[in-house]
Amino acid sequence: MPLARPPSPKSARDRLLAAAAALFYDHGIHATGIDAIVQRAGVARKSLYNNFASKAELVAAYLEARHAEWRALYEARLHRAGSPRERVLAVFQAYEDHAEHAYEHGFRGCGLLNAAAELPAGDVGRQAVRQHKEEVEALLAEPLGELFGADPARQAEVARQLAFLLEGAMARAGLEGRSDCLRQAREMAAALLEAR
């Protein structure tokens, strides 16, 4: 019986993206040079430019991967949510899950907002972060429609309030380096939904 093949190593692109993600999150985009990324990825500098036309393209891939990572956490939570209330709270739980990730140098808050803070106004990366945040607000609003019935203005107002609560909790959690604030925000959101 032949031996099973060992799993193939990640592609150079995957290793570069993983290295950039860790370094961008821990040290920031501007403080992270190309040399540090290729060294951590264990690839030649040429590999970076074979896979990404520029550092800006690598940053865009990082932001896309970060969004996809959060989206997968949300989908897992959503899969277990039955009621509209639970679907709203699944958004908060996905943020908690992201905060509980085993970050190499600790939790520093929302990686997307951290990146956006380094990018100039009008940058395509900032637009990607804004789209993510708008998607989160829409994900909050959708189940609120079932809770508030034919009152789209109230639905939008509460979704906005919950999005602001979530972002404030994420910023505070990043400062404190732990997810307690996100759990507390989820509890506040649950109380707000009960009081509706």
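Just so we're clear, the structure is a prediction, and the values are computed from it rather than from any experiment.

Draft legend 1. Molecular detail of the packing of helix α1 (residues 12-27) against helix α4 (residues 55-80). Following both chains from N to C, one finds α1 and α4 inclined at 80 degrees, their axes separated by 10 Å at the closest point. Between α1 and α4, the interaxial angle falls into the category roughly perpendicular. Together, Arg13, Leu16, Leu17, Ala20, Ala21, Phe24 and Tyr25 of α1 and Lys55, Leu58, Val59, Ala61, Tyr62, Ala65 and Arg66 of α4 make up the contact between the two elements.

Draft legend 2. Up close: the environment of Asp14. Mapped onto the elements of the fold, Asp14 is located in helix α1. Here Asp14 falls in the partly exposed class, since its relative accessible area comes to 39%. Considering only alpha carbons, one finds Asp14 and Arg77, 63 residues apart in sequence, at a separation of 26 Å.

Draft legend 3. Spatial organisation of the nonpolar core. Ranked by internal contacts, the top residues of the largest apolar core, which has 59 residues, are Ile37, Val91, Leu140 and Leu144. At the level of elements, α1, α2 (34-41), α4, α5 (84-99), α6 (111-118), α7 (124-148), α8 (152-176) and α9 (180-195) are the ones that each hand at least two residues to this core. Formed jointly, this core draws a minimum of three residues from each of two domains, domain 1 (11-52) and domain 2 (60-195).

Draft legend 4. Structural context of the environment of Ala153. By the element assignment, Ala153 lies in helix α8. A C-alpha to C-alpha distance of 25 Å links Ala153 and Ala81, two positions 72 residues apart in sequence.

Draft legend 5. Spatial organisation of the packing of α5 against α7. At a minimum axis separation of 7 Å, α5 and α7 run at an interaxial angle of 160 degrees. Classed by the angle they form, the pair α5 and α7 counts as roughly antiparallel. Where α5 approaches α7, its residues Pro84, Arg85, Arg87, Val88, Val91, Phe92 and Tyr95 are matched on the opposing element by His132, Lys133, Val136, Leu139, Leu140, Glu142, Pro143, Leu144, Glu146 and Leu147. Residues belonging to the contact of α5 with α7 are distributed by class as follows: 11 nonpolar, 1 polar and 5 charged.

Draft legend 6. Just the domain arrangement of the protein chain, in detail. Split by domain assignment, the protein chain resolves into domain 1 (11-52) and domain 2 (60-195). Its C-alpha centre places domain 1 at a distance of 27 Å from the equivalent point of domain 2. Facing the 12 residues of domain 1 at the interface are 15 residues of domain 2. Roughly 1100 Å² is buried in total at the junction of domain 1 and domain 2, and carbon and sulfur atoms are behind 59% of that figure. A per-residue breakdown of the area domain 1 buries against domain 2 is headed by Tyr25, Asp26 and Ile29, which together make up 56% of the total.

About the criteria used
Residues numbered from 1 in each chain as written. Predicted model: local features only at pLDDT ≥ 70, side-chain atom pairs only at ≥ 80, totals over all residues. Heavy atoms only, no water. Axes fitted to C-alpha atoms, helices over the stretch in contact; angles between N-to-C directions. Helix = DSSP H or I, 4+ residues; strand = E, 2+ residues; numbered from the N terminus. Parallel < 35°, antiparallel > 145°, perpendicular 65-115°, else oblique. Contact = heavy atoms within 4.5 Å. Buried < 20%, exposed > 50% of the residue type's maximum accessible area, 1.4 Å probe, protein only. Core = buried A, V, L, I, M, F, W, Y, C linked by side-chain atoms within 4.5 Å. Domains from an automatic or database assignment. Nonpolar A, V, L, I, M, F, W, Y, C, P; charged D, E, K, R; others polar. Buried area = accessible area lost by both parts, 1.4 Å probe.

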